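Reading the structure
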Amino acid sequence: MSVPGGIGGPTAHGAERFADAFGRKLGGGALGSVPVVLGLLVIWLTFQILNPHFLSPRNLSNLSVDIVGTGMIAVGVIFVLLIGEIDLSVGSVSGLASALFAVLSVNYGMPEPPAIVLAALCGTAVGFVHGFFTAVVGVPAFVVTLAGLLGWYGLMLAIMGAYGTINLDDQGLVAQLTNFYFSNVAAAYALAALGTAAYFLTAWRDVTRRRAAGVPFRSPAEIFLRTGLLAVIAFAAAYVLNQFQGLPLALLIFLVVLVILDYVLRRTAYGRMIFALGGGVEAARRAGVNVAWVRISAFMMSSTMAAIGGLFLASRINSVSQTSVSTDLLMNAIAAAVIGGTSLFGGRGSTWSALLGVLVIQSIASGVALMDIQTAVQFMITGGVLLLAVVVDTLSRRAQWGTRPGLVFRRDHSH
Amino acid sequence: MARPSAPPLLALSGVFKRFGAVEALRDVELEIHAGEVIALVGDNGAGKSTLVKVIAGVEPADLGTLEWRGRPVHIGRPHDAQHLGIATVYQDLSLCDNLDVVGNLFLGREITRIGVLDEVEMERRTRDLLATLSIRIPDVRRPVAALSGGQRQTVAISRALLGEPRLVMLDEPTAALGIEQTAQVLDLVERLRERGLGVLLISHNLGDVKAVADYVAVLRLGRNNGFFDVTTTSQEQIVSSITGASDNAVTRRATREGEL
Ligand SMILES: Nc1ncnc2c1ncn2[C@@H]1O[C@H](COP(=O)(O)OP(=O)(O)OP(=O)(O)O)[C@@H](O)[C@H]1O
Ligand SMILES: [Mg+2]
């Protein structure tokens with residue numbers, strides 16, 4: 001048997017190596033997404049037992065569209081969490097952007113595409129303001145974005161003031177974001193096949209290059225296993241979606257955004273700087289990273305994604321009103337990121353935690369709604385899950401990085 | 001040993017640095033030539049690390065002139081120093097705990113191919129570099145937070161040697177190291193000198209200083225307090241220069257025990 005990772009690596013069999021790596025991860029606490037995936041399965045099975053409609057294609061398909069608005073916001077929040085900061089303003093910013101879009105397109109008759117761009121850019125500008133006060137002036141992000149939460153909500157009320165509720169054009173672009181489905185069954189399957197193939201080819205090319213360069217690489221068995229797992233999930237999802245109305249456009253856009261931003265975070269120098277800031281601001285600064293700029297950019301990312309998420313939320317109900325901003329939107333977005341496995345302490349996480357976390361939260365919401373019990377229960381369950389996620393985050397951090405207090409509580413805002 | 005007449009690699013003069021009420025550096029001057037190891041010594045709080053940070057651009061000087069190979073330069077941020085070819089190992093190690101060894105080594109100067117990180121190449125070079133420095137790290141893909149103090153220090157040192165530095169500053173590089181690793185670092189310092197690099201070595205261990213340095217620069221309370229040729233200076237002279245007087249606790253003890 002060929003020995004992958006020959007240089008100094010243990011000469012064990014593939015499976016043993018895999019088990020070994022898993023054990024080390026467990027011991028090291030870097031379990032990644034395993035707990036949340038297990039948690040999601042438990043939630044799904046529980047609700048399915050309580051109500052046989054829960055895992056119906058219709059409900060799952062709706063779930064896949066419902067997650068997109070909050071999920072987009074959560075993806076942006078992840079950038080800010082990764083650099084070890086927080087953004088409390090995302091709910092208000094998403095409301096502001098959708099209000100701006102509605103007023104521009106419906107009341108001022110602006111065509112939808114430029115109105116969408118302006119709404120998104122409005123988010124970008126807001127993020128720049130937050131980033132400026134945090135990174136340049138040095139005010140803690142907690143306070144800056146708390147001010148933002150109030151201020152941007154006020155601005156949204158001012159914009160909406162005269163109108164109350166604005167109904168969007170049902171045939172418009174924004175309405176289509178969550179109403180359009182690729183009803184041809186080929187679409188969902190093609191996406192599943194494409195995703196699986198792309199994953200396999202990327203992993204395989206990596207192995208080839210690593211082998212050529214003489215550095216350790218994953219065993220082919222592991223790659224086949226991972227690809228197989230991904231294929232099962234992707235094709236099962238495609239099958240279920242095709243049982244209802246097909247592949248939702250909103251889900252497609254969400255997945256594309258996740259893949260692109262994941263790539264940015266893991267494979268570009270910019271992404272590396274984001275992680276570096278979360279792991280040690282001073283170290284990053286001494287390495288020549290432009291700390292202020294990276295911080296500002298993370299806040300711009302967060303607010304831009306909040307604005308885009310706001311458009312998806314408006315699309316789902318086809319209208320924008322003064323009550324579009326609810327406090328649970330902010331909580332859900334941050335909770336989703338953390339439940340999905342992005343650390344509140346900075347420096348650890350991935351865009352995929354937005355997908356997993358928001359799936360957990362929306363599953364609970366949807367299950368509770370199906371069973372016709374009060375939302376009070378939903379809040380309590382979600383709160384419990386969030387607490388559990390933070391406990392896992394804290395414990396895994398402690399297991400991995402030791403209990404050095406200076407590290408555990410290293411969320412200072414000094415410069 | 002006569003100092004070369006070519007312009008020094010780095011020459012500082014009239015350097016002042018103040019932190020609020022504390023005047024950490026007062027009118028400090030220093031010259032480092034290529035192919036020389038200068039030891040910078042002084043008591044705790046003498047300003048050694050501050051001087052290193054001034055040169056590295058982390059805490060730029062309030063006042064003073066810096067000349068790099070005979071030409072005046074301004075070092076206002078870490079990038080400026082890196083561009084000149086100044087590499088630094090800081091006393092507080094300055095690694096990102098969440099990044100792996102490869103990520104830390106290449107932080108701020110990642111190798112990219114059409115804008116995408118070339119992880120394979122970076123990992124290959126990391127392994128090569130660690131091998132040439134005979135540094136053993138079990139897994140270069142583990143977060144450095146999971147490494148021991150000494151391993152972290154060796155990572156910090158290799159980080160400084162990546163690229164082609166002309167001047168290497170090591171701020172107490174052996175403080176966390178065992179006997180074997182300390183000897184390795186001292187060997188490394190000698191190899192750097194042989195390759196014609198300038199080295200500024202901070203250490204509290206005068207034995208190590210005598211072993212590898214050519215000259216010793218003493219800082220005391222933020223001021224220059226002597227510059228000695230190691231071969232012609234006794235340890236006693238250096239100690240009294242560090243402590244500021246020939247009659248003090250350290251020399252009294254030493255004379256009593258007949259050590260020096
Ligand atoms: N960032 C800072 N803010 C305020 N004061 C500082 C700062 N950095 C250093 N100082 C002060 O400057 C003086 C010199 O500190 P420095 O760290 O340069 O000493 P050192 O010679 O490296 O000492 P040691 O041997 O303990 O490492 C000290 O009085 C210290 O308190
Ligand atoms: Mg020091």
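These remarks concern the structure in this document. Fair warning: this is a prediction, and the values are worked out from it, not measured in the lab. (Residues numbered from 1 in each chain as written. Chains lettered and ligands numbered in written order. Predicted model: local features only at pLDDT ≥ 70, side-chain atom pairs only at ≥ 80, totals over all residues. Heavy atoms only, no water.)

1. Considerations on the overall build of chain B
Looking only at helices and strands, chain B has nine helices and twelve strands in total. For 260 residues, the compact-globule estimate of 2.2 N^0.38 gives 18 Å, and the C-alpha radius of gyration of chain B, at 19 Å, lies within 12% of that figure. Overall, chain B is about 60 × 40 × 40 Å in size when its C-alpha atoms are taken along their principal axes. Counting across all 260 residues of chain B, residues that qualify as buried make up 55%. Taking the contacts inside chain B whose residues are at least 6 apart along the sequence as the reference set, 64% of them involve residues at least 24 apart. Accessible surface, chain B as shown: approximately 11,600 Å² in total, 49% of it carbon and sulfur. The average position of the 29 basic charges and that of the 34 acidic charges among the side chains of chain B differ by 2 Å. (Helix = DSSP H or I, 4+ residues; strand = E, 2+ residues; numbered from the N terminus. Rg over C-alpha atoms; globule rule 2.2 N^0.38 Å. Buried < 20%, exposed > 50% of the residue type's maximum accessible area, 1.4 Å probe, protein only. Contact = heavy atoms within 4.5 Å. Areas by Shrake-Rupley, 256 points an atom, 1.4 Å probe, with all protein chains shown as cover. Lys, Arg positive; Asp, Glu negative; His and termini not counted. Charge placed at Lys NZ, Arg CZ, Asp CG, Glu CD.)

2. A look at the interface of chain A and chain B
The interface is formed by 33 residues belonging to chain A together with 33 residues belonging to chain B. Across the chain A to chain B interface the summed buried area is about 2,900 Å²; carbon plus sulfur atoms make up 54%. Contact with chain B buries area across many residues of chain A, yet Arg209, Arg272 and Arg286 of chain A alone supply 27% of it, more than any other trio. Notably, a salt bridge pairs arginine 210 of chain A with glutamate 123 of chain B, separated by 3.0 Å at the nearest N-O pair. On inspection of chain A and its partner chain B, the count reaches twelve residue pairs in polar contact (both at pLDDT 80 or more). Elements with a minimum of two residues in the side of chain A that touches chain B: helix 8 (185–213), helix 10 (249–267), helix 11 (269–279), helix 12 (281–286) and helix 16 (375–401) of chain A. If you tally residues by element for the side of chain A that touches chain B, the top one is helix 11 of chain A, at six residues. Of the residues that constitute the side of chain A that touches chain B, the class distribution is 14 nonpolar, seven polar and twelve charged. (Buried area = accessible area lost by both parts, 1.4 Å probe. Salt bridge = Lys/Arg side-chain N within 4 Å of Asp/Glu carboxyl O. Polar contact = N/O pair within 3.5 Å; in protein donor to acceptor, adjacent residues only side chain to side chain. Nonpolar A, V, L, I, M, F, W, Y, C, P; charged D, E, K, R; others polar.)

3. With respect to the pattern of salt bridges
Counted according to the given criterion, the structure contains 27 salt bridges over all chains. Where aspartate 118 of chain B meets arginine 113 of chain B, a salt bridge forms, and the shortest distance between an N and an O atom there is 3.8 Å. Among the residues examined, arginine 113 of chain B registers a relative accessible area of 39% and is labelled partly exposed. Members of the salt-bridge network, linked through shared partners, are Asp206, Arg210 and Arg272 of chain A together with Asp100, Glu119, Glu123, Arg127 and Arg141 of chain B.

4. What to know about the site of ligand 1
Residue and element names in this part refer to chain B. Around ligand 1, a shell composed of 14 residues is seen, among which Gly45, Gly47, Lys48, Ser49 and Thr50 lie nearest. Backbone polar atom of glycine 47 to an oxygen atom of ligand 1: 2.9 Å apart, as the coordinates give it. The separation between an oxygen atom of ligand 1 and a polar side-chain atom of glutamine 91 is 2.9 Å. When ligand 1 is considered free in solution it has 640 Å² of accessible area, and contact with the protein chains removes 64% of it. (Near = heavy atom within 4 Å.)

5. Some remarks on the nonpolar core
Counting 96 residues, the largest nonpolar core has Val77, Phe101, Phe254 and Ile274 of chain A as the members making the most contacts within it. Considering every element that reaches this core, the biggest residue donor is helix 3 (residues 57–82) of chain A, with 15 residues. Setting aside residues up to four positions removed in sequence, isoleucine 274 of chain A forms contacts with Phe79, Leu82, Ile83, Leu265, Val294 and Ala298 of chain A. Core analysis: the second largest hydrophobic core is formed by 49 residues, Val102, Met122, Ile157 and Leu162 of chain B among them. (Core = buried A, V, L, I, M, F, W, Y, C linked by side-chain atoms within 4.5 Å.)

6. Remarks on the packing of helix 5 (residues 112–137) of chain A against helix 6 (residues 141–160) of chain A
Residue and element names in this part refer to chain A. Running from amino to carboxyl end, helix 5 crosses helix 6 at an angle of 145°, the nearest separation of the two axes being 9 Å. Once helix 5 is placed against helix 6, the crossing between them reads as right-handed. Residue-level contacts link Val126, His130, Phe133 and Thr134 of helix 5 to Ala141, Val144, Thr145, Gly148 and Trp152 of helix 6. Residues that form the contact of helix 5 with helix 6 fall into these classes: five nonpolar, four polar and no charged. (Axes fitted to C-alpha atoms, helices over the stretch in contact; angles between N-to-C directions. Left-handed = near helix turned anticlockwise from the far one by under 90°.)

7. A word on the coordination of the magnesium ion (ligand 2)
On the protein side, the magnesium ion (ligand 2) has Ser49 of chain B (OG) and Gln91 of chain B (OE1) as donor atoms, found 1.9 to 2.1 Å from it. Here the residue serine 49 of chain B occupies a position in helix 1 (residues 48–56), and glutamine 91 of chain B occupies one in the loop between strand 6 (86–89) and helix 3 (101–105), the gap between them amounting to 42 residues. (Donors = N, O, S within 2.8 Å, 3.2 Å for Na, K, Ca; no water.)

8. Topic: helix 6 of chain A
Residue and element names in this part refer to chain A. Taking 1.5 Å per residue, 20 residues should reach 28 Å; helix 6 reaches 27 Å between its end C-alpha atoms and fits that length. Every buried residue belonging to helix 6 is among Ala141, Val144, Thr145, Gly148, Trp152, Met156 and Met160, and all of these are buried. Close packing links the buried residues of helix 6 with helix 4 (90–107), helix 5, strand 1 (165–167), helix 13 (291–317) and strand 4 (319–321). (Expected span 1.5 Å × (residues − 1).)

9. Details of the pairing of strand 2 (residues 22–32) of chain B
For strand 1 (residues 10–19) of chain B and strand 2 of chain B, the ladder comprises seven bridges, and the chain directions are antiparallel. Across the sheet, phenylalanine 19 of chain B pairs through a bridge with valine 22 of chain B, a residue of strand 2 of chain B. (Pairing = 2+ DSSP bridges.)

10. Some points on the sheet that holds strand 6 of chain B
All names here are of chain B. Overall, mixed pairing links the six strands, which are arranged 6-9-10-3-11-12 in an open sheet. Strands with a single pairing partner mark the edges of an open sheet, and in this sheet they are strand 6 and strand 12 (223–229). Between one strand axis and the next, the sheet turns through 15° on average, direction left out of account. Bridging between strand 11 (residues 215–220) and strand 12 involves five bridges; their strand directions are antiparallel. Within the sheet, the bridge partner assigned to alanine 217 lies in strand 12 and is phenylalanine 227. Relative to strand 10 (residues 198–202), helix 1 is tilted by about 150°, and along the sheet it contacts strand 3 (37–41), strand 6, strand 9 (167–171), strand 10 and strand 11.

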